[in-house]
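Coordinate inspection notes
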Amino acid sequence: MKYSVVIEEDTLDGGYIAYVPSLKGCYTQADTLDELKTNIIEAIEISKEESEPTNTLFGIWELEVNNAAVASY
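Now for a look at the structure at hand. Note that the structure is a prediction, hence the values are computed from the model and not measured.

Criteria and thresholds
- Residues numbered from 1 in each chain as written.
- Predicted model: local features only at pLDDT ≥ 70, side-chain atom pairs only at ≥ 80, totals over all residues.
- Heavy atoms only, no water.
- Buried < 20%, exposed > 50% of the residue type's maximum accessible area, 1.4 Å probe, protein only.
- Helix = DSSP H or I, 4+ residues; strand = E, 2+ residues; numbered from the N terminus.
- Pairing = 2+ DSSP bridges.
- Patch = residues over 30% accessible without salt bridge, like charges linked within 9 Å, V, L, I, M, F, W, Y side chains within 5 Å.
- Areas by Shrake-Rupley, 256 points an atom, 1.4 Å probe, with all protein chains shown as cover.
- Salt bridge = Lys/Arg side-chain N within 4 Å of Asp/Glu carboxyl O.
- Contact = heavy atoms within 4.5 Å.

1. Let's talk about the pairing of strand β3 (residues 27-30)
- Side chains T28 and A30 project from β3 onto a buried face, and the interleaved Y27 and Q29 project onto a face without burial.
- Taken together, the four bridges between strand β2 (residues 16-19) and β3 define a ladder with antiparallel strand orientation. Note that in β3 the partner of A18 across the bridge is T28.

2. A few points about a nonpolar patch on the surface
- On the surface, a cluster of nonpolar side chains totalling about 250 Å² of accessible area is made up of V5, I7 and L33.
- Tracing the sequence through the fold places V5 in the segment before β1 (6-9).
- In this structure V5 comes out as partly exposed when scored by relative accessible area, which is 33%.

3. A look at the environment of A43
- Here A43 lies in helix α1 (residues 33-50).
- Through-space distance from the C-alpha of A43 to that of V20 is 9.1 Å; in sequence the pair is 23 residues apart.
- In this view, A43 contacts C26 and Y27; residues no more than four positions away in its chain are not counted.

Okay, structure coming up:
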């Protein structure tokens, strides 16, 4: 089964954080991307045994918002 994994840089402690939005409580962290991949696979295996999947990840937006921005449609 395929899972969407979100990866973020850990700006406070260094390294990386990964989580699977479709599996409740499925997250991990590591110092390197190789270690992170190993850790998230293990977290997925544990999480899928313990809980039912929640929402499917639809997409990720990266937005820049400034104070003067006004949305219009």
